[in-house]
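Analysis of the macromolecular model
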Amino acid sequence: MSSSSDTDLIAVLNIISTEINRYFAIFILLFGFIGNICNILVLSRKPLRLNPCTWLFLISSISFLITILSGIISRFLSTWEADLTNTNQFLCKFRAFVVFDSTTIAFWLILLATIDRWLSSSINANRRRMSTLKNAQRGAIIIIILSSLIQIQQFICFEANLTNTPLKCYSKTVICAIISDLCFALITILSPLCLMLIFGLMIISNIRQSRARVQQTSITVDSLAAQHTTTISSVHQAQQRKMDRHLLIMLFVQVLVLLVFTFPLSISKLYSTITRNNVKSTLQNTIENFIFNLFLLFIFIASGMPFYIYTLSGGQVYRQTLFSFINTLIRNITFRRN
């Protein structure tokens, strides 16, 4: 009776896993592709792309788009036995490199954006001067190079046509799996997320210190008749503070979303690697593979969410640029038809 119920549960989990990868993956692909394309189009407009933080958001959106296209399509194709990365050695290795590399780059770019917000919110003038577009571009180049060097090991470790692994295209040995999974869990996910939280707390500390030191600038003008106080405010500075405030909100919300959707996969991969040589029942393997594939989709959901996060939490700064882009697009389409 127990064997029969186990067989039924295994069949149900396999069916659910196939259906999720077949249909939910399509939703994630459309959701993420449209969101990241919109993000790229909006953030690349001149009012936003000149800001170092939004420029980093722009490049991270490109990286997330690459992650979705290289990762989620194979999940969908695998349900129809049409995923060539499961059988072709080069495609397996190349896909693994691109997925891990683009994901790592995106996470560390968001960390770099967090550091930029920490610099720009500092009461130290020297630190504020370090928050520049040029420094952001230099940092992005360094991250891309280092990430590619770290993830080059996927060409050695990954192999197609494997069995008794969560995916047919997976790390071929336990040592390779440990290296790959530790790199993913510690370098791609946990390290940048922990640093984001640390710098986020430091940003809050900077904001509190700034509020304590803020004094309203005023000039007292004397005249023969009377004395009056004239408050001089800079419209540009007010707009900059408003943008900084919305960028901070966007950043904090994105860090929280990344933590919720990516942390489970890093734990799942570590567990899978540590227990890889343990003797497991068919039911246990099926349950673990089901959980792994579910958490794998979570990371693609996180990769497709930045546009929706920015639209909801970016305030008027982001939404005005978005509406401006939509109006410009509509005018161009109408002009061409006429």
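These lines cover the structure that appears in this document, whether it is placed above or below. (Residues numbered from 1 in each chain as written. Predicted model: local features only at pLDDT ≥ 70, side-chain atom pairs only at ≥ 80, totals over all residues. Heavy atoms only, no water.)

This brings us to the environment of L43. On the secondary structure map, L43 appears in helix α1 (residues 2–43). Given the relative accessible area of 0%, L43 is considered buried. In this structure the C-alpha to C-alpha distance between L43 and T321, which are 278 residues apart in sequence, comes to 8.3 Å. (Helix = DSSP H or I, 4+ residues; strand = E, 2+ residues; numbered from the N terminus. Buried < 20%, exposed > 50% of the residue type's maximum accessible area, 1.4 Å probe, protein only.)

Within the largest apolar cluster, 67 residues are counted, with the highest numbers of intra-cluster contacts made by L56, F57 and Y318. Ranked by residue count, the leading element in this core is helix α4 (residues 89–120), at 13 residues. The contact partners of F57, leaving out residues within four places of it in the chain, are L43, A113, L247, M250, L251, Q254 and Y310. (Core = buried A, V, L, I, M, F, W, Y, C linked by side-chain atoms within 4.5 Å. Contact = heavy atoms within 4.5 Å.)

What follows deals with the environment of W80. Inspection of the secondary structure assignment puts W80 in the loop between α3 (52–78) and α4. Once the C-alpha coordinates of W80 and T18 are considered, the two residues, 62 residues apart in sequence, prove to be 9.1 Å apart.

Okay, unusual backbone geometry next. Residue E81 is not a glycine yet carries a positive backbone phi of 55°. Looking at where E81 falls in the secondary structure, it is placed in the loop between α3 and α4. Despite not being glycine, N161 shows a phi value in the positive range, around 60°. Assessed through its relative accessible area of 48%, N161 is described here as partly exposed.

Attention now moves to the packing of α3 against α4. α4 packs onto α3 with a crossing angle of 160° between their chain directions and a minimal axis gap of 8 Å. By the angle class used here, α3 and α4 are roughly antiparallel. Judged by the twist between their axes, the crossing of α3 over α4 is left-handed. Partitioned by chemical class, the residues of the contact of α3 with α4 number 16 nonpolar, 8 polar and 3 charged. (Axes fitted to C-alpha atoms, helices over the stretch in contact; angles between N-to-C directions. Parallel < 35°, antiparallel > 145°, perpendicular 65-115°, else oblique. Left-handed = near helix turned anticlockwise from the far one by under 90°. Nonpolar A, V, L, I, M, F, W, Y, C, P; charged D, E, K, R; others polar.)

Attention now moves to the pattern of salt bridges. Taken as a whole and assessed by the stated rule, the structure comprises 2 salt bridges. For K168, the salt bridge identified is with E81, shortest N-O distance 3.9 Å. Of the two residues, K168 is situated in the loop between β1 (158–159) and β2 (170–171) and E81 in the loop between α3 and α4; the sequence distance between them amounts to 87 residues. Overall, the relative accessible area of 41% leaves K168 in the partly exposed class. Two residues, R117 and D116, come together in a salt bridge whose shortest N-O distance is 2.7 Å. Side by side, R117 and D116 carry an identical accessibility label, which is buried. (Salt bridge = Lys/Arg side-chain N within 4 Å of Asp/Glu carboxyl O.)

Attention shifts here to the packing of aromatic side chains. Going through the model one piece at a time under the given rule, you end up with 15 aromatic pairs. On the numbers, 5.2 Å between centres and 35° between planes, the contact of F97 with F155 is tilted. Residue F97 is found in helix α4, and its partner F155 is found in helix α7 (residues 154–157); the two are separated by 58 residues along the sequence. With 5.4 Å between their ring centres and 70° between their planes, W118 and F199 make a pair best called edge-to-face. Highlighted residues: W118 in helix α4 and F199 in helix α8 (residues 174–213), separated in sequence by 81 residues. On the basis of relative accessible area, W118 is assigned to the buried category, the value being 14%. Cluster of aromatic residues (ring-pair linked, three or more members): F24, F27, F31, F307 and Y308. It is R22 that lies over the ring of W80; its NZ or CZ is 3.9 Å from the centre. (Phe/Tyr/Trp six-rings, centres within 6.5 Å; stacked < 30°, edge-to-face > 60°. Lys NZ or Arg CZ within 6 Å of the ring centre and 35° of its normal.)

Moving on, we get to α4. Over its 32 residues, α4 runs 46 Å from end to end, which matches the ideal 46 Å to within 8%, given 1.5 Å per residue. Of all 32 residues in α4, 25 are buried; the element is thus mostly enclosed. Where α4 begins, the capping side chain belongs to N88, and its oxygen is found 3.1 Å from the backbone nitrogen of F90. (Expected span 1.5 Å × (residues − 1). Polar contact = N/O pair within 3.5 Å; in protein donor to acceptor, adjacent residues only side chain to side chain.)

Summed over all chains, the structure comprises 1 disulfide. A sulfur-sulfur separation of 2.0 Å characterises the disulfide bridge that pairs C92 with C169. Note on the C92 and C169 pair: the S-S dihedral is about 95°, so by sign convention the disulfide is right-handed. Remark: C169 occurs in the loop between β1 and β2 and C92 occurs in helix α4; sequence separation between them is 77 residues. No disulfide involves C183; its sulfur sits 8.6 Å from that of C157, the nearest cysteine. Judged by relative accessible area, which is 13%, C183 ranks as buried. (Disulfide = S-S within 2.5 Å.)

Below, the discussion takes up the side chain of D101. Position of D101 relative to the elements: it lies in helix α4. R95 provides the closest opposite charge to the buried, salt-bridge-free D101, at an N-O distance of 14 Å. For D101, the side chain forms a polar contact with the side chain of S147, separated by 2.6 Å. Residues within four places of D101 in sequence aside, it is in contact with S147, S148 and Q151. (Lys, Arg positive; Asp, Glu negative; His and termini not counted.)

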